[in-house]
Amino acid sequence: MFDVIALGELLVDFTGSGASPQGNPVYEANPGGAPCNVLAMLKKLGRSCAFVGKVGNDLFGRMLRDAAEAAGICMDHLVFDRETRTTLAFVKTFGNGDRDFSFYRNPGADMMLREDELPLDEIAQSRVFHFGTLSMTHEGARRATVKAVERARAGGAVISFDPNLRPPLWDSLDEARQQIEYGLSRCHVLKIADNELEFMTGERDFDKGAASLRGKFPNIRLFNVTAGAQGSYSYYEDKQVFVPACRRGGVIETTGAGDTFCACVLDFVLAHGLDGLTRGDLSSMLRFANTAAYLVTTRKGALRSMPDAGEVRRLMACTVEEAEE
């Protein structure tokens with residue numbers, strides 16, 4: 001039994017790294033993909049993890065496998081596609097750390113995952129099953145994702161969902177909304193970004209947006225909203241908690257911050273369950289997750305940039321001491 005199994009994309013994030021002596025832009029090939037980023041952080045927190053997905057049988061696919069294995073993630077269920085290349089993403093970073101993505105994925109190997117390639121027994125025995133929507137942009141991988149989710153639910157796993165909306169990858173935003181609604185209808189733990197909450201509800205007020213989705217999808221036990229540099233919100237039963245972001249400067253880029261936050265929430269759920277949580281529990285969860293997410297924004301890449309628990313706690317202690325001075 002694994003603590004967490006995640007299904008989805010494993011890809012290369014080419015992030016800007018200055019210019020060559022000739023003035024040409026230089027890009028660094030960072031291993032990435034939201035589901036595997038989540039697992040990399042969970043491994044830093046001592047959890048057993050496995051990834052399910054597909055990459056090309058090429059230089060990048062093998063590099064990604066090696067990087068994930070080096071991070072301690074079980075890659076026994078990574079499939080290599082001999083016909084389709086590994087998905088690539090070129091990331092433009094703005095001055096505030098936000099990003100714009102250009103995907104080379106038409107098709108990409110992660111889209112080619114089939115139902116018959118799923119490790120259904122392992123999925124059914126996992127404690128937590130995590131997924132997003134990039135595996136739902138195309139029919140074949142969508143069927144595989146749905147089959148995996150339903151098998152995990154039948155096995156009693158906690159289902160975790162992060163919409164991770166990337167509009168350029170969808171034929172239409174109506175289709176994206178429909179598939180996000182599927183994820184919302186199946187998950188017990190949700191991590192949703194502020195822009196995704198507005199996309200799904202039309203609400204800029206987080207409380208109103210959360211209330212709308214929680215009313216429509218009562219299966220969501222723990223509803224978390226990330227709001228970038230502002231902080232994060234958690235909604236659980238009749239409780240609402242907000243914790244401001246850790247803001248100490250030095251932000252390079254925000255790639256992987258949401259994935260880091262998501263992993264910290266799942267680590268909390270594995271430790272505490274989903275019953276009887278207090279406001280104090282939720283505040284502690286958000287503060288740890290916010291701090292870990294901040295640390296990732298001070299580094300390039302994601303999968304290889306995750307902090308360990310000791311590093312997060314040391315920074316939390318420093319911020320408390322500074323606040324008391």
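The preceding data block contains the structure.
The following paragraphs examine the structure supplied in this document. All values derive from a computational prediction rather than experimental measurement. (Residues numbered from 1 in each chain as written. Predicted model: local features only at pLDDT ≥ 70, side-chain atom pairs only at ≥ 80, totals over all residues. Heavy atoms only, no water.)

Let us now look at the overall build of the protein. The number of helices and strands found in the protein is ten helices and 13 strands. For 325 residues, the compact-globule estimate of 2.2 N^0.38 gives 20 Å, and the C-alpha radius of gyration of the protein, at 19 Å, lies within 12% of that figure. Expressed as lengths along the three principal axes of its C-alpha atoms, the size of the protein is roughly 55 × 55 × 40 Å. Restricting the contact set of the protein to residue pairs at least 6 apart, pairs at least 24 apart contribute 72%. Accessible surface for the protein amounts to roughly 13800 Å². Of this, 46% is attributable to carbon and sulfur atoms. Considering the protein, the positive charge centre built from 37 side chains and the negative charge centre built from 44 side chains are found 1 Å apart. (Helix = DSSP H or I, 4+ residues; strand = E, 2+ residues; numbered from the N terminus. Rg over C-alpha atoms; globule rule 2.2 N^0.38 Å. Contact = heavy atoms within 4.5 Å. Areas by Shrake-Rupley, 256 points an atom, 1.4 Å probe, with all protein chains shown as cover. Lys, Arg positive; Asp, Glu negative; His and termini not counted. Charge placed at Lys NZ, Arg CZ, Asp CG, Glu CD.)

It is worth spelling out the packing of aromatic side chains at this point. All told, the structure shown has nine aromatic pairs when counted by the stated rule. Judged by centre distance (5.3 Å) and plane angle (65°), the rings of Phe90 and Tyr104 are edge-to-face. In this pair, Phe90 sits in strand S6 (residues 88-93) while Tyr104 sits in strand S7 (residues 99-104), placing the two residues 14 residues apart along the sequence. With relative accessibility at 25%, the residue Phe90 sits in the partly exposed group. Judged by relative accessible area, which is 53%, Tyr104 ranks as exposed. Clustering of aromatic rings is evident, with ring pairs tying together Phe14, Tyr27, Phe60, Phe90 and Tyr104. Its end group placed over the ring of Phe199, Arg177 keeps NZ or CZ at 4.2 Å from the ring centre. (Phe/Tyr/Trp six-rings, centres within 6.5 Å; stacked < 30°, edge-to-face > 60°. Buried < 20%, exposed > 50% of the residue type's maximum accessible area, 1.4 Å probe, protein only. Lys NZ or Arg CZ within 6 Å of the ring centre and 35° of its normal.)

Below, the discussion takes up the packing of helix H1 (residues 34-44) against helix H8 (residues 257-272). Direction vectors running N to C along H1 and H8 enclose 50°, while the axes themselves pass 8 Å from each other. Our classification of the angle between H1 and H8 gives oblique. For the pair H1 and H8, the sense of crossing is right-handed. In this structure, H1 uses Ala34, Asn37, Val38, Met41 and Leu42 to contact H8, whose residues at the interface are Asp259, Thr260, Cys262, Ala263, Cys264, Leu266 and Asp267. For the contact of H1 with H8, a count of residues per class yields eight nonpolar, two polar and two charged. (Axes fitted to C-alpha atoms, helices over the stretch in contact; angles between N-to-C directions. Parallel < 35°, antiparallel > 145°, perpendicular 65-115°, else oblique. Left-handed = near helix turned anticlockwise from the far one by under 90°. Nonpolar A, V, L, I, M, F, W, Y, C, P; charged D, E, K, R; others polar.)

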